[in-house]
Amino acid sequence: MKIIFSRKGFDTSAGGGPSPIVDGRPISLPIPCSKGIARTTYAELGLGELAESASRGKVRGSDLCHHDPMFLENGTALLGQGGAAQTHLERQGVTLGDVFLFFGLFRDPEAKELHHRIFGYLEVDQIVALKDGAPDDMVALKHPHALQMYSTNDVIWSGKGGVALEPCRALPQACRRSRRSKPQRLT
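> Please clarify how the overall build of the protein should be interpreted in this entry.
A count of helices and strands for the protein gives five helices and ten strands. With 187 residues in all, the protein has 43% of them scored as buried. A sequence separation of at least 24 residues applies to 65% of the contacts in the protein between residues at least 6 apart. A total accessible area of about 11,100 Å² is found for the protein, and carbon and sulfur atoms account for 51% of it.

> I keep staring at the pairing of strand E7 (residues 76-81) and nothing clicks. Help me out?
By the criterion of burial, E7 is predominantly enclosed, with six of the six residues buried. Judged by which residues are buried, E7 turns out to be covered on both faces: Thr76, Leu78 and Gly80 on one side and Ala77, Leu79 and Gln81 on the other are all buried. Following strand E6 (residues 70-71), the chain reverses through four residues before pairing antiparallel with E7; glycine 75 in that reversal takes a positive phi of roughly 90°. Taken together, the six bridges between E7 and strand E10 (residues 155-163) define a ladder with antiparallel strand orientation. Note that in E10 the partner of alanine 77 across the bridge is glycine 159.

> Looking at this structure, how should I read the sheet that holds strand E8 (residues 99-107)?
Strand pairing in a sheet takes place through backbone hydrogen bonds and is either antiparallel or parallel in direction. The mixed open sheet is built from six strands, whose spatial order is E1-E8-E9-E10-E7-E6. Single-partner strands in this sheet number two, and they are strand E1 (3-7) and E6. Both strand E9 (residues 114-129) and E10 contribute to a ladder of nine bridges, which runs antiparallel. Its bridge partner lying in E10, alanine 129 is registered against valine 155.

> When you look at helix H2 (residues 83-91) in this model, what are you seeing that I'm missing?
An α-helix turns once every 3.6 residues. As a result, residues three or four positions apart point the same way. By the burial criterion, the buried members of H2 are Gly83, Gln86 and Leu89. In a view along the axis of H2, the buried residues occupy a sector of 125°, so they form one face of it. Residues of H2 that are exposed and point over 90 degrees away from its buried face: Ala84 and Arg91. On its buried face, H2 is in contact with E1, E7, E8 and E10. The first or second residue beyond H2 is glycine 93, which carries a positive phi of 75°.

> What am I meant to see in the pattern of salt bridges here?
Where charged atoms of side chains with opposite charge meet at close range, the side chains can pair. Summed over all chains, the structure comprises one salt bridge. Across the salt bridge formed by arginine 7 and aspartate 11, the nearest N and O atoms sit 3.3 Å from each other. The buried category is assigned to aspartate 11, whose relative accessible area is 13%.

> Would you mind showing me how to read the side chain of threonine 41 here?
By secondary structure assignment, the location of threonine 41 is in the loop between strand E4 (31-32) and helix H1 (48-54). Taking the relative accessible area as the measure of exposure, threonine 41 reaches 14% and is therefore buried. Leave out the neighbours within four places in its chain, and threonine 41 touches Gly61, Ser62, Asp63, Leu64 and Cys65.

> Would you take a moment to explain the environment of serine 62 for this structure?
Turning to its location among the elements, serine 62 is positioned in the loop between H1 and strand E5 (65-66). Distance from serine 62 to glutamate 44, taken between C-alpha atoms, is 8.3 Å for residues 18 residues apart in sequence.

> What am I meant to see in the environment of leucine 45 here?
Mapped onto the elements, leucine 45 comes out in the loop between E4 and H1. Linking leucine 45 and cysteine 65, residues 20 residues apart in sequence, is a C-alpha distance of 9.7 Å. In this structure, leucine 45 is in contact with Pro30, Thr40, Cys65 and His67, ignoring residues within four places of it in sequence.

> In this structure, what is going on with the pairing of E1? I would like to understand it.
Of the two faces of E1, only one is covered, namely that formed by Ile4 and Ser6; the face formed by Ile3, Phe5 and Arg7 stays uncovered. Alignment of E1 against E8, held across five bridges, turns out to be parallel. Within the sheet, the bridge partner assigned to serine 6 lies in E8 and is phenylalanine 102.

So, how was this worked out
- Residues numbered from 1 in each chain as written.
- Predicted model: local features only at pLDDT ≥ 70, side-chain atom pairs only at ≥ 80, totals over all residues.
- Heavy atoms only, no water.
- Helix = DSSP H or I, 4+ residues; strand = E, 2+ residues; numbered from the N terminus.
- Buried < 20%, exposed > 50% of the residue type's maximum accessible area, 1.4 Å probe, protein only.
- Contact = heavy atoms within 4.5 Å.
- Areas by Shrake-Rupley, 256 points an atom, 1.4 Å probe, with all protein chains shown as cover.
- Pairing = 2+ DSSP bridges.
- Arc of directions from axis to C-beta.
- Salt bridge = Lys/Arg side-chain N within 4 Å of Asp/Glu carboxyl O.

Pasting the structure below:
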C-alpha cells in the first residue's frame, strides 16, 4: 500500500489565506474556480462566510469553487486528477488499495499561527477514467472533473473516505519539538 500526501484547499495563493479551524475542526475551503466549468458556489456548500473571512473579502460566497476532493455523507470520497499530477501518480504505480491523505494550510484560531494539517483521507477502491465521459452519478454530484475534463488523462479516484472531526493533538506537538531539536534516527 502506498500513502500519497496531497495538498488541497485555500492557501496564500489559491484563495488568499489559510482555511479556518472552527470549534477545533479543520474546514478545508475549496480553491476558487479558475478554469473549466464549475457549478458549485461557496454559499451552496455552507462555506460562504468562511471563504469571505479567510480571503479577507477577495472571495465571495457567490463565487464558484473547485469542490474537490468531495466527501459524501455515505463515507465515500472522490478526487479528480489530470495532467502532470495524474501522470505522476501513474508513474509511481498508485492504484487500488492506496491511500490519499489530504492536507492544507490552516490558521490556529487561538495562537493565530499558520500550519499544515491533515484534514481527510481516501482509500482507493475505484479509478474512473473520464476520456469516454463521466458516470451520471458523478455528474449529478457536480464533481468538477465530471463536468468538464481538464486534461486528456482526467480520472476520478473513489473509495472510502472522510474528514477530520477534530485535530490530532500529537501532530502539532511533534512538529513544534522537531523544529527545535536535531533530527533523530528512528529505529
